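# Structural overview
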Amino acid sequence: MVEVSREKFEELVAEALDTIPPELAQVMENVVMVVVDDPPEPGLLGLYTGIPLTERGDWYAGVLPDRIEIYRNPICEICETEDEVVEEVQITVVHEIAHHFGIDDDRLHELGW
């Protein structure tokens, strides 16, 4: 287990977001990403809640933002070094953003995520 302060962890999430290709970042709509210490259920490192871009239609207006949560404590618990935390944050951020784009877990696993 690695101890990473909330402030440092939030910086790691911001850095992971900065690595998203600009052409993808530009089309991310109505989504917020937050760091949360603990997940609502064991085993989660991140969680996307919302309506994926691929499912939005003309009816989509006036809704609250989609939410991506990145869970600090579980990520720190499975890592032995800060470098591993950096890598796991990157993987988790990409994974949850993929859900925003409508990519499900099965497809992510096929792609190696």
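Read on for a plain summary of the structure. It should be emphasised that the depicted structure is a prediction, and the values quoted were computed from it without experimental measurement.

For the chain, the count of helices and strands is five helices and three strands. At 14 Å, the chain has a C-alpha radius of gyration in line with the 13 Å of a compact globule built from 113 residues. Seen along its three principal axes, the alpha-carbon backbone of the chain occupies a region of about 45 × 30 × 30 Å. Across the 113 residues of the chain, 36% fall into the buried class. Intrachain contacts of the chain at a sequence separation of at least 6 include 75% that bridge at least 24 residues.

In this structure, Glu11 sits in helix 1 (residues 6–18). Between the alpha carbons of Glu11 and Val34 there is a distance of 11 Å; along the sequence they are 23 residues apart.

Before going further, it helps to spend a moment on helix 4 (residues 82–100). Spanning 19 residues, helix 4 covers 27 Å between terminal C-alpha atoms, matching the ideal 27 Å at 1.5 Å per step. Turning to helix 4, its buried residues are Val85, Glu88, Val89, Thr92, Val93, Val94, His95, Glu96, Ile97, Ala98, His99 and His100. If you follow the buried residues of helix 4, they end up packed against helix 1, strand 1 (31–36), strand 2 (46–49), strand 3 (66–71), helix 3 (72–78) and helix 5 (105–110). At the C-terminal side of helix 4, Gly102 shows a positive phi close to 90 degrees.

A separate point is helix 1. Taking 1.5 Å per residue as the helical rise, helix 1 with its 13 residues ought to reach 18 Å, and the 18 Å between its terminal C-alpha atoms agrees with that figure. Among all positions in helix 1, only Phe9, Leu12, Val13 and Ala16 are buried. Each buried residue of helix 1 sits inside an arc of 100 degrees when the element is viewed along its axis, so together they form one side. Pointing more than 90 degrees away from the buried face of helix 1 are the exposed residues Glu7 and Asp18. The inward-facing, buried residues of helix 1 abut strand 1, strand 3, helix 3 and helix 4.

What follows concerns the pattern of salt bridges. Using the criterion set out here, one finds seven salt bridges in the structure. Between Arg67 and Glu69 there is a salt bridge, with its nearest N and O atoms 2.6 Å apart.

Moving on, we get to the state of the cysteines. This model, assessed by the stated rule, comprises zero disulfides. Just so you know, Cys76 is unpaired, no disulfide at all, and the nearest cysteine sulfur is the one on Cys79, 6.9 Å from it. Relative accessible area serves as the criterion here: at 2%, Cys76 is assigned to the buried category.

Let's shift gears to the pairing of strand 3. On any regular strand, side chains alternate: one points to one face of the sheet, the next to the other face. By the criterion of burial, strand 3 is predominantly enclosed, with five of the six residues buried. In terms of strand pairing, strand 1 meets strand 3 through six bridges, oriented parallel. Opposite Val32, over in strand 3, you have Arg67 as the bridge partner. Relative to strand 3, strand 2 is paired through four bridges, and the arrangement is antiparallel.

Calculation criteria
Residues numbered from 1 in each chain as written. Predicted model: local features only at pLDDT ≥ 70, side-chain atom pairs only at ≥ 80, totals over all residues. Heavy atoms only, no water. Helix = DSSP H or I, 4+ residues; strand = E, 2+ residues; numbered from the N terminus. Rg over C-alpha atoms; globule rule 2.2 N^0.38 Å. Buried < 20%, exposed > 50% of the residue type's maximum accessible area, 1.4 Å probe, protein only. Contact = heavy atoms within 4.5 Å. Expected span 1.5 Å × (residues − 1). Arc of directions from axis to C-beta. Salt bridge = Lys/Arg side-chain N within 4 Å of Asp/Glu carboxyl O. Disulfide = S-S within 2.5 Å. Pairing = 2+ DSSP bridges.

Spatial relationships are all this shows, so hold off on functional conclusions.
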